[in-house]
Amino acid sequence: MSRLLIKGARLLGAEGADLLVEDGLIREVGRVDATGVDTTVDADGLVALPGLVDLHVHLREPGREDAETIATGSAAAAAGGFTAVFAMANTSPVTDTAEAAERVLDLGAACGLTQVVPVGAVTKGLEGVELAELGLMARSRARVRVFSDDGKCVHDARIMRRALEYIKPFGGVISQHAQDPRLADASACCHEGEVSGRLGLPGWPGIAEESIVARDVMLARHTGSRVHIAHVSTAASVEVIRWAKAQGIEVTAEVTPHHLALTTDLLTGYDPVYKVNPPLRPAEDVEALRQALVDGTIDAVATDHAPHARHDKEHAFVDAAFGMLGLETALPVVSELLVRPGLLDWAGVARVMSVNPARIGQLAGQGRPLAAGSPANLTLIDPDRAVTVDAATSRSRSRNNPWHGRTFTGAVVTTVHRGRVTHGTDHQLTPSTATENAL
Ligand SMILES: NC(=O)N[C@@H](CC(=O)O)C(=O)O
Ligand SMILES: [Zn+2]
Ligand SMILES: [Zn+2]
């Protein structure tokens, strides 16, 4: 059995410690004797976090392998420090059956770079009319717990209510893409306000999100079941979620790195790389989202990694596809934006990027403390390393990266998934068996 030694990592709340990894588990933490070890990772000065977990990615397989595959998306995830990702159901065909979910699970396992967890559709074909096979997906080998029609809103209140009732017995959760299709239709592509007026772009008003968030927290209260709000983007959505949590309603929420950092005025150049759903919002919303993440109203950072092929993205703004890449840049953005200014410490990052998303998505082997007996899913971070984003070197098959050319301080150095190094700088590993482990 291969034995991996991680030497001198900064564990949360502690100084340098060694971690001995064997058979996919953390065996020892503290001062570890290096004899009989196959590979050593020098983690001097690096922060060790439980492996990052992303509740919201689009891997495009099956159906749009020209934009991303489970293999390229998994590689991007590993490079970004993620040991688990939830793959949204808006593929072609849609993940709306047990077989489809198992296929995604198996393709992910075959890659072995990160845990690929299929999200099940709420409605057949994401059409919003008939419930998908929620129970069969839950009972399948894929053990689906997160259901979402993401890309579309479950806008019919009766369907949403039935879905919440159905998933309650097995502790499932509905991740809602909150967009009232009447208040923000398919053409809406810019925050409705001064900028959309000036640019002549169809407006996507905050109320289209907030009204669904308000309805869904009431449905969660009524059913006693769990709702998760995907990519929250406005201050008023945050207010509703804060109120709902104070009532004890079972609601959780995520925010993307781009909604924490980027604002509407970036659209003035009509660059489609900034076209995303929900749209980038004004600075007041961005500020409210940061505060909500820091005070726990928003539980998690999720990337909504949304790769698109050039021929879908490089169009006039109104015609381009919605979405941007996120897996490889999430940790650097969070480090730069929240950790360096002192808004969040590394324990806070572990909470919003690992512990909470693992809990929301019901993943037993993820988001666990780095202690003896835990599965060896972990991420080593250099908090002082500067990285300049180069869209051309992405592991993703797509290039729609809104951070191209930006420099962030804080970088993922090594990712360990089930005891194997899935991402790492070669020179960090001792030469003897480095190649065997460094995929
Ligand atoms: N976020 C996006 O702009 N696009 C997502 C769909 C979604 O998350 O709603 C996609 O699938 O491309
Ligand atoms: Zn969405
Ligand atoms: Zn999405």
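Computed from a predicted model, the values in this text were never measured in an experiment. (Residues numbered from 1 in each chain as written. Chains lettered and ligands numbered in written order. Predicted model: local features only at pLDDT ≥ 70, side-chain atom pairs only at ≥ 80, totals over all residues.)

What UniProt calls "binding site: substrate" (unreviewed entry) maps, in this numbering, to His58, Leu59, Arg60, Asn90, Asn277, His308, Phe322 and Gly323. Beyond its immediate sequence surroundings of up to four residues, Arg60 is in contact with Glu65, Ala67, Glu68, Thr91 and Pro307. In this structure, Phe322 sits in the loop between helix H10 (310-313) and helix H11 (330-339). Discounting residues that sit within four places of it in the chain, Phe322 has contacts with Lys275, Val276 and Asn277. (UniProt positions renumbered as here; feature names shortened; annotations may be inferred. Contact = placed C-beta atoms within 7 Å. Helix = DSSP H or I, 4+ residues; strand = E, 2+ residues; numbered from the N terminus.)

When the UniProt feature table is mapped to this numbering, "domain: Dihydroorotase catalytic" (unreviewed entry) covers residues 47-235. Helix and strand shares over residues 47-235 are 35% and 18% respectively, and the end C-alpha atoms of the span are 32 Å apart.

Counting buried positions along strand E14 (residues 251-255) gives 5 out of 5 residues, so the element sits mostly inside the fold. The alternating pattern of E14 places Val251, Ala253 and Val255 and Thr252 and Glu254 on opposite faces, both of which are buried. Two elements, strand E13 (residues 226-229) and E14, share 3 bridges in a ladder whose sense is parallel. What sits directly across from Val227, in E14, is Val251. Once the chain exits E13 it traverses helix H7 (residues 235-246) before rejoining the sheet at E14, and the crossover so formed is right-handed. In this sheet, strand E15 (residues 300-301) lies alongside E14 in parallel orientation, the contact comprising 2 bridges. Counted as the bridge partner of Val255 is Val301 from E15. (Buried ≥ 20, exposed ≤ 12 C-beta atoms within 10 Å, placed from the backbone. Pairing = 2+ DSSP bridges. Right-handed = clockwise from strand over helix to strand, strands pointing away.)

This brings us to the site of ligand 1. The local shell around ligand 1 consists of His58, Asn90, Asp150, Gly151, His177, Val276, Asn277, Asp304, Ala306, Phe322 and Gly323. Along the lines of polarity and charge, the residues of the shell around ligand 1 split into 3 nonpolar, 6 polar and 2 charged. (Near = placed C-beta within 6 Å. Nonpolar A, V, L, I, M, F, W, Y, C, P; charged D, E, K, R; others polar.)

Along its sequence, the protein is organised into domain 1 (3-47 + 375-384 + 408-437) and domain 2 (50-360). In this assembly, 17 residues from domain 1 lie in contact with 20 residues from domain 2. Only strand E16 (378-388), strand E17 (407-417) and strand E18 (420-424) provide two or more residues apiece to the side of domain 1 that touches domain 2. Per-element accounting of the side of domain 1 that touches domain 2 gives the leading share, 7 residues, to E17. Among the residues forming the side of domain 1 that touches domain 2, the class breakdown is 8 nonpolar, 9 polar and no charged. (Domains from an automatic or database assignment.)

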